[in-house]
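Analysis of the macromolecular model
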Amino acid sequence: MWDLNMVTLLMPMLFAVSLAQGVTEWTSWFNIDHPGGNGDYERLEAIRFYYRERVCTRPVAIEARTTDWVAAADTGEVVHSSLDKGFWCINKEQPYGRSCSNYHVRFQCPPVQAYWSDWSAWGTCSATVCSDVGIQVRQRKCVSKDPVPLLFSPACQGHHIERRECATPPCQAKWSPWSVWGACSVTCGGGRRVRRRTCVRSSETMQCVGRPAEVQKCGKKPCPVPCQRVCSDGHPSQDCSRCVCEGHVLHGEVLSLTGVPVAGARVSLANQPKVTQAHTNNKGLFRIPGICSTSTATLIITKEKFASVTTSSVSNGTHKSWVRAVLQSSEKPYIVKHPEDKVRYEGQRAILCCKATGSPKPEKYQWYHNGSLLDWKVYKYEEDLVLRDLKPEQSGQYYCRAISQTGSIKSALASLTVIAKGTPACTSFPESHLVKLPMDCFQPGTNSKFYDAGRCPHNKCAGPLEFDMRCRDGSGFCCGVKSMETRMINCGSYSLPIKAVTECGCQKCVEPKILVRGRVVAVDNDEPLRFGHIFMGKERVGTTGFQGGFTLHVSPDTERLVVNFVDPKQKFIDTVKVFIFDKKGGCVYHNVKVMRKQEAIDIDARETNTIYLGEMEGEDPIGQLVIPPNSFHKSSGEVYEGTVKASVTFLDPRNITTAAATPGDLNFVSDGGDIQPLRTYGMFSVDFRDEANQEVLGAGPVQVLLDTEHVKMPEHIPKMKLWSLNPDTGIWEEETLFHYTQAAAGGNGRKKREERTFLIGNMEIRERRLFNLDVPENRRCYVKVRAYMSDKFLPSEQLEGVVISLINLEPKPGYTSNPRAWGRFDSVITGPNGACLPAFCDAQRPDAYTAYVTAIMGGEELEAAPSTPKMNPNIIGVSQPYLDKIDYQRSDHEDPALKKTAFRINLAKPNPNNVDESNGPIYPFQSLIACENAPVDANHFRFFRVEKDTYEYNVVPFQESDLTTWTGDYLSWWPNPQEFRACYIKVKINGANEVMVRSRNFGGTHPQTKDQLYGIRDIRSTRDVHNPNTSSACLEFKCSGMLFDQSIVDRSLINVLPQGNCRRTGINSLLQEYLIKHPPTLQNNDSHAFNMLAPVDPLGHNYGIYTVTDQNPRVAKEIAIGRCFDGTSDGFSREMKSDAGVALTFSCPKRTVSRESLFQRLQTNPGQTLTQMARDMRESQGLQVRRGSSQVVPYPSGQQERARPRRVSSRRRPVRRTRSRL
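Quick caveat: nothing in here was measured; it's all calculated off a predicted structure. Within any chain, residue numbers begin from 1 and follow the written order of that chain's sequence. Since the coordinates come from a predicted model, pLDDT governs what is reported: local features require at least 70, and pairs of side-chain atoms require 80 or more to be given and counted, while whole-chain, interface and lining totals use all residues. Side-chain metrics in this entry use all non-hydrogen atoms of the structure; hydrogen atoms and water are not considered.

1. Quick notes on the overall build of the protein
We count a stretch as a helix when DSSP gives it H or I for four or more residues in a row; a strand needs E for two or more, and each element gets its number in order from the N terminus. Scanning the protein from N- to C-terminus turns up 10 helices and 81 strands. About 61,400 Å² of surface is accessible on the protein, with carbon and sulfur atoms providing 51% of the total. What sets the accessible areas is the Shrake-Rupley method with a 1.4 Å probe; for residues, cover comes only from the shown protein chains.

2. Here's the deal with the confidence of the model for the protein
Low pLDDT means the predicted atomic positions in that stretch should not be read closely. A score from 0 to 100, pLDDT tells how confident the predictor is in each residue. For the protein, the mean per-residue pLDDT works out to 81, and 86% of the residues sit at or above 70. Below pLDDT 50 for its whole length, residues 148-153 participates in two contacts with residues either more than four positions away or in separate chains. When checking whether two residues touch, look at their non-hydrogen atoms; a contact exists if any pair is within 4.5 Å. Scored below 50 in pLDDT, residues 1182-1221 makes 59 contacts in the model with residues more than four places away or belonging to other chains.

3. Some thoughts on the sheet that holds strand E5 (residues 86-90)
The three strands lie next to each other as E2-E5-E4, forming an open sheet whose pairing is antiparallel. Looking at which strands have only one partner, the edges of the open sheet turn out to be strand E2 (39-43) and strand E4 (79-82). Across the sheet, the mean angle from the axis of one strand to that of its neighbour is 15°, orientation sign disregarded. Relative to E5, E4 runs antiparallel, the two being bridged by four bridges. Bridged to Ser81 within E5 is Phe87. Whenever a helix is involved, its axis is fitted only over the stretch in contact; in every case the axis is a line through C-alpha atoms, and angles between N-to-C directions fall within 0 to 180 degrees. Taken strand by strand, helix H2 (residues 44-51) contacts E2 and E5, and its axis lies near 60° from that of E2. Think of it this way: DSSP has to see at least two bridges between two strands before they count as a pair.

4. Quick look at the state of the cysteines
By convention in this document, the label disulfide applies to cysteine sulfur atom pairs within 2.5 Å. With the rule as written, the count across this model stands at 22 disulfides. What pairs with Cys456 in a disulfide is Cys504, and their sulfur atoms sit 2.0 Å apart. Linking Cys456 and Cys504, the disulfide has an S-S dihedral of approximately -90° and is accordingly described as left-handed. Here the residue Cys456 occupies a position in the loop between strand E35 (450-452) and strand E36 (477-490), and Cys504 occupies one in strand E37 (residues 495-508), the gap between them amounting to 48 residues. Accessibility assignment for this pair places Cys456 and Cys504 in one class, buried. A sulfur-sulfur separation of 1.9 Å characterises the disulfide bridge that pairs Cys461 with Cys506. A torsion of 90° about the S-S bond marks the disulfide between Cys461 and Cys506 as right-handed. Residue Cys461 is located in the loop between E35 and E36, and its partner Cys506 is located in strand E37; the two are separated by 45 residues in the primary sequence. Summary of the burial criterion: residues with accessible area below 20% of their type's maximum are buried, those above 50% are exposed, and those between are partly exposed, where the area comes from a 1.4 Å probe applied to protein chains only. Looking at Cys506, the relative accessible area reads 30%, which means it is partly exposed.

5. A look at the pattern of salt bridges
Salt bridge, as used here, is a side-chain nitrogen of Lys or Arg placed within 4 Å of a carboxyl oxygen of Asp or Glu. Enumeration over the complete set of coordinates arrives at 41 salt bridges. The closest approach of N and O atoms between Asp687 and Lys597, which form a salt bridge, is 3.0 Å. Taken together, the residues Asp687 in strand E51 (residues 675-690) and Lys597 in the loop between strand E44 (588-594) and strand E45 (601-604) connect sequence positions 90 residues apart. The buried category is assigned to Asp687, whose relative accessible area is 7%. Exposure remark for Lys597: the relative accessible area of 16% places this residue in the buried category. With its nearest N and O atoms 2.9 Å apart, the salt bridge here joins Lys1077 to Glu1073. Separated by four residues within a single helix, Lys1077 and Glu1073 lie in helix H7 (residues 1069-1077), roughly one turn from each other. Judged by relative accessible area, Glu1073 falls into the partly exposed class, the value being 37%. Several salt bridges share partner residues, and in doing so they unite Asp524, Glu527, Lys571 and Arg596 into one network.

6. Observations concerning the pairing of E37
The pairing of E36 with E37 spans 13 bridges and is antiparallel. Across the sheet, the residue bridging to Thr486 is Lys499, located in E37. Following E36, the chain reverses through four residues before pairing antiparallel with E37; Gly492 in that reversal takes a positive phi of roughly 90°.

7. What about the side chain of Ser203?
Mapped onto the fold, Ser203 is located in the loop between strand E13 (199-201) and strand E14 (213-218). Excluding anything up to four places from it in sequence, Ser203 contacts Cys130 and Cys171.

8. Quick word on a nonpolar patch on the surface
A contiguous nonpolar patch, built from Met1042, Val1049 and Val1096 and spanning about 190 Å² of accessible area, is present on the exposed surface. Tracing the sequence through the fold places Val1096 in the loop between strand E79 (1090-1093) and strand E80 (1105-1110). Like charges within 9 Å and nonpolar side chains (Val, Leu, Ile, Met, Phe, Trp, Tyr) within 5 Å are joined into patches, using only residues over 30% in relative accessible area that form no salt bridge.

9. Quick notes on the nonpolar core
Ranked by internal contacts, the top residues of the largest apolar core, which has 39 residues, are Leu437, Ile489, Leu496, Ile498, Tyr953, Trp974 and Leu1013. Residue assignment for this core shows that the elements contributing at least two residues are E37, strand E69 (950-954), strand E70 (980-990), strand E72 (1013-1020), E80 and helix H8 (1113-1126). For this core, the element with the highest residue contribution is H8, accounting for four residues. Nonpolar core, defined: a set of buried Ala, Val, Leu, Ile, Met, Phe, Trp, Tyr and Cys residues in which side-chain atoms within 4.5 Å join the residues together. Among the nonpolar cores identified, the runner-up in size contains 37 residues, and Cys781, Ala851, Ala865 and Ile876 belong to it.

10. Focus: the environment of Lys1117
Mapping Lys1117 onto the fold places it in helix H8. Spatially, the C-alpha atom of Lys1117 lies 9.8 Å from that of Tyr1106, the residues being 11 residues apart in sequence. Setting aside residues no more than four positions away along its own chain, Lys1117 makes contact with Glu952, Glu960, Trp974, Ala982, Tyr984 and Glu1036.

11. Observations regarding the packing of aromatic side chains
How two aromatic rings sit relative to each other is set out by the distance from centre to centre and by the angle between their planes. Pairing of aromatic side chains here covers Phe, Tyr and the six-membered ring of Trp, requires ring centres within 6.5 Å, and sorts the geometry by plane angle: under 30 degrees stacked, over 60 edge-to-face, intermediate tilted. Inspection of the entire model under this criterion finds 21 aromatic pairs. When the centroid spacing of 6.1 Å and the interplanar angle of 65° are considered together, the rings of Phe565 and Phe579 count as edge-to-face. Taken together, the positions of Phe565 in strand E42 (residues 561-566) and Phe579 in strand E43 (residues 575-579) put the pair 14 residues apart, joining distant regions of the chain. Overall, Phe565 belongs to the buried group, its relative accessible area being 1%.

12. Considering the sheet that holds E43
Taken together, the four strands give an open sheet; going across it, the order is E40-E39-E42-E43, and neighbouring strands pair in antiparallel fashion. Looking at which strands have only one partner, the edges of the open sheet turn out to be strand E40 (539-543) and E43. Direction aside, neighbouring strands of the sheet carry axes that sit 30° apart on average. Here four bridges tie strand E39 (residues 533-536) to E40, and the two strands are oriented antiparallel to one another. Counterpart to Met536 in the pairing with E40 is Glu539.

13. As for unusual backbone geometry
A cis amide bond, omega 0°, links Ser359 with the succeeding residue Pro360. Tracing the sequence through the fold places Pro360 in the loop between strand E27 (355-359) and strand E28 (364-369). Cis geometry marks the peptide bond from Gln880 to Pro881; its omega dihedral reads 5°. Assignment of secondary structure puts Pro881 in the loop between helix H4 (873-876) and helix H5 (882-886). Positive phi outside glycine occurs at Phe793, with the angle close to 55°. The topology assignment puts Phe793 in the loop between strand E58 (780-788) and strand E59 (803-809). Despite not being glycine, Asn1029 has its phi angle at roughly 60°, a positive value. Locating Asn1029 in the fold gives a position in the loop between strand E73 (1022-1023) and strand E74 (1030-1037).

14. A word on the environment of Lys92
If you trace the backbone, Lys92 turns up in the loop between E5 and strand E6 (103-109). Along the primary structure Lys92 and Val78 are separated by 14 residues, whereas in three dimensions their C-alpha atoms are 9.8 Å apart.

15. A look at the pairing of strand E54 (residues 732-737)
One ladder, built from five bridges, connects strand E53 (residues 721-725) with E54; its direction is antiparallel. When the sheet's bridge partners are listed, Leu722 is paired in E54 with Thr736. In this structure, the hairpin formed by E53 and E54 is closed by a connection of six residues, where Gly730 is found at a positive phi of approximately 70°.

16. Some remarks on the side chain of Arg1114
On the secondary structure map, Arg1114 appears in helix H8. What qualifies as a polar contact is a pair of N or O atoms within 3.5 Å, subject to a donor-acceptor requirement within protein and to the restriction that residues adjacent in sequence count only when both atoms come from side chains. Here Glu800 takes part through its backbone oxygen, which lies 2.8 Å from a polar atom of the side chain of Arg1114.

17. Some details on H7
Among the residues of H7, those classed as buried are Leu1071, Tyr1074 and Leu1075. Projection of H7 onto a plane perpendicular to its axis shows the buried side chains occupying an angular sector of 95°, all on one side. Facing away from the buried side of H7, by more than 90 degrees, are the exposed residues Ser1069, Ile1076 and Lys1077. Between a side-chain oxygen at the N-terminus of H7 and the backbone nitrogen of Leu1070 the separation is 2.9 Å; the capping residue is Asn1068. As used here, the arc belongs to the directions running from the helix axis to the C-beta atoms.

18. Looking at the environment of Asn316
One can find Asn316 in the loop between strand E22 (314-315) and strand E23 (320-327). What makes Asn316 exposed here is its relative accessible area of 54%. For the pair Asn316 and Ser293, spaced 23 residues apart in sequence, the C-alpha separation works out to 8.3 Å.

Right under this line is the structure:
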């Protein structure tokens, strides 16, 4: 609103002035500001600056209007004005969030402009001495611009001069600042030096208090004594640090590990490390005169990007001595021993260990607790941190930081839990754990398909340790099952036993074996890497198989698994992989892709050679390698001048099929020691060899040119660097920076060569490494993904141990880069709450970055949630409208013929101010904890396993994806958590329909388990595509063998029962013969089923039995199923071969309809039907129909074939039942 107290825009006042003084003039309208920012400011001072004489010196009025010609008083806005300052309006003063209008102003000037000028400044005081009183004067002038003489115009009113009293400052005296200290009277032995100051006073009567000079002792160091060094040859040096022999010379040579001369290395004596004695020349040579050859000289040689070395001279008795030093490339520190989680009681002690390697070795360690640096003076730590008399407040996260001359690195986090006195180590009451019941088990009253059997959280606890000061506790303790009880579940038609947890306690941890398996194949045609060497660090740990397969045992204390695959035949480039693995003992399968080595070309070492990087058909190369003449050298350092076999293999990010072959994990270590991601513009591997003997050659210096046309993100150009991959650590290390240059460019996509702008860097090829054109990228997010057992996406059926991979694609057309190129490849393994994958994202444009996501488990690709025929948020797992923004598309979205095993999304960074985007599935990089702990009902992407109908029930619950959930019990399906034996029997079904087949597994001969249920397995038969009306089922059963106490063998009692109208027609003769020869033999009088005591021996496909032993249950089962499908003992197939390796054969024909149903008869002849029904009811009164008994296994009503009780002839002998029916 208009504030009358603030505004001087009163039209009546203006009118009165006009009447009193005659006609006045208005200036033109001025508008020098706009209402953006803080408001609209029409300052008089600014108007005068721009328009100078167009405004009178002293306006008598001001008028303001908006640009829409609304008077300021009518706008309702709070404004201000002043004849001295002008007009202004401030946005934040406006009510209800309004902003100021755009105003222009004008001023009214008097007709006769006679006015006083501004007062001059006050003159000097007439008093000249201190503490005196005088007078000051100031003046002003009467100014008129009117051409009319002053006689006809009013004169200025008032005085043109003013006077006031003044006084001079009081009289005082003070010291000036001290002067600098004068020179010391002596150089040693003790002397004096002086500094002075003067007294500054305003009256002779005043005096300064204090001394005008100060004296200080100096030259305290003792005077040098005569040099006491005794030299057998020569004389002491001037500083008496060594002996100097005139005419003696120390010669030296400095080479790299590959024999290349190292130029520019700095040479100093060990007793004077800061004094440079010499530098090496281009041939790596140096000489230091005056070094006595009769004694040994110790030298320190340093060079950037090399580790310093200390070496000693040798002599043969002449006036010459020699030094030959070999420099090793410097490496940043790398953690090889990480601190481990510990649990202790209050008052106990613990040790956290950390160790790092590097070149040079780390010289300092720092320890942090919850992100804060621990005081070394208090804890006195080095590599190890010792904590004594622990308190609960010392619980938390610990990590170490190793520091060397080349950088630093942080270890993984270790959790220390300190349990207060009187607090139990574990919660005794089990947490909820729902077990899915068989398909035909409906609990009366609830119809629930789940039963809460309880479980104990597998947390570490404080148990009795033999010695508590080990880096890794000798035998860890975890919260586990202390007691269980057998309960009977009422399934309506039968009862089902289950072992439920009743109490938890602190026990020794189950330590399963950690495995990594996989297959190494070429990225172009899946050719296997046969008999390739596998290295972990410098140690060779294995060899790939004929089909490229491999298995690695992972140590429990491993934090980062770095594996190098080397092809001894040199068909493929060396490939370094950083594998993810499951610490809970699950076996993770990796499909490793390797790049085929580029065919070698012949180049002349005496000429300049240019090799293009990324010569794709129809595309320009991404860069070039320029090798100057005479740059190649042998391992001895000798320059090579012959023909070079040069092979340069380029991993082109414009080809998305090469993303899986990305070596390492595209990470580097920052200056602060954190592992951070890189975004690649291409990688290349070089292999230079002598044409004659195939000896590996080094090269240097080599120029690397990167075409800036392929760097579409301008912010990446100044950050671009050349990196090399350390094969031992899997970490990318900086080689060189880039600078601009102009060079000729050409390639497959250009008709002629032209001048282009390149980023150029220099490097030396000292060893066989992979090189990378990368930039650090800080626009990062996390993507939440879960994997499920089926497309029902039940929270209780999440899969662990699934490898989720994400390929970061470059932005779409019209944005900042090539849409076909990829920039990064990441993989994460799913846990009990899914997985969070790192990815690049953008907050400004939703489709600036995209990602391609896949999932694999045990070599099997999982399907992604479908995106067609229309987007269903309930299936995909992401709510609207965020789903539209992400633009989810499964790989078959546009072409149904494509595989369904991947999806593509836009990586739109969530808007923190939008509630629809605050619940996943994409999380900001700083919200990793929120992503990892997100509830299952939060937004996430989904994969699911495509399987035939299958079901597994264990009386003692166990999760095969988490081996730590194993419980030692006589009824445990797997008796040994270190070794898992999977047994399958192949059942052939002759019939038009696929049927469900069940195995019921009981204790057979062991006194503790006899006639007790181990578990149930259901599987639907798989159609044989080559044989019509034939299918087969690979049915798991409980293997015979030792139980968990390893004392007595139990031959499991197995009952095989197909669903529906099935009759056994055949038993494998070899299997039947084996069972007869290994009594006791069970009777198989019921043709609907088959009973046996499971074989103890590992029978093969000739018997129709498939047995595989492995250190991981899922791997054992996958291999056994593959062999069963193939019908061989060593093959593998995903296609069912029903005629090979069969144990049992059943005939399951369709039921024929012999008469009309009641419904059909009611439709055709209702009267007769109703009469017959009444007659039958009267006859049936008092009449009991005796029916024979038969074993029936009910199945859900949703199955295609339904099992029904059948009328049995009285001549047939009833089957004797020995146990409850399941």
